[in-house]
Amino acid sequence: MRTLSFALLLLFSVCAVKAQQQIIKQSVIVSGIVRDGVTVEALQGVRVLRNNSASSLTGADGSFIVNALSSDTLVFKALGYKDAILILRD
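This structure is a prediction, so every number in the text was calculated from the model and none was measured.

Asker: I tried to follow the sheet that holds strand β7 (residues 84–87) on my own but got confused; where do I start?
Answerer: The strands that make up a sheet are held in pairs by hydrogen bonds between backbone atoms, and each pair lies either parallel or antiparallel. Taken together, the four strands give an open sheet; going across it, the order is β4-β3-β6-β7, and neighbouring strands pair in antiparallel fashion. Here the strands that pair on one side only, and so sit at the sheet edges, are β4 (53–57) and β7. Taken over all neighbouring pairs, the strand axes of this sheet differ in orientation by 25° on average, direction set aside. Bridge count between strand β3 (residues 47–50) and β4: four bridges; the pairing is antiparallel. When the sheet's bridge partners are listed, Leu-49 is paired in β4 with Ala-54.

Asker: Explain unusual backbone geometry here, please?
Answerer: Working note: non-glycine residues mostly have negative phi, and peptide bonds are mostly trans. For Val-40, which is not glycine, the phi dihedral falls at a positive 65°. Mapped onto the secondary structure, Val-40 falls in the loop between β2 (27–33) and β3. Here Val-40 falls in the partly exposed class, since its relative accessible area comes to 45%. Notably, Asn-52 is not glycine yet its phi reads approximately 65°, a positive angle. Considering the arrangement of structural elements, one finds Asn-52 in the loop between β3 and β4.

Definitions and limits used
Residues numbered from 1 in each chain as written. Predicted model: local features only at pLDDT ≥ 70, side-chain atom pairs only at ≥ 80, totals over all residues. Heavy atoms only, no water. Pairing = 2+ DSSP bridges. Helix = DSSP H or I, 4+ residues; strand = E, 2+ residues; numbered from the N terminus. Axes fitted to C-alpha atoms, helices over the stretch in contact; angles between N-to-C directions. Buried < 20%, exposed > 50% of the residue type's maximum accessible area, 1.4 Å probe, protein only.

Right, dumping it as structure tokens:
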């Protein structure tokens, strides 16, 4: 299994976060590009899980868009890579 700085790149790859007020928690749109931490190539077909439920797959250019709550956890899974975890904060 390849060891990458996968999660660190995801933190820097998050492009936009827009918040809309909800009753208790904020709803956010998280988008970005998932890249290989060594080659910096965009990764297609990475599963993006929101609180351990399937939410999205990355496109041909490695991009993803996920609707989440501001307290959710996103997990990125790709064959041959260690999982990357992105914890959203209020």
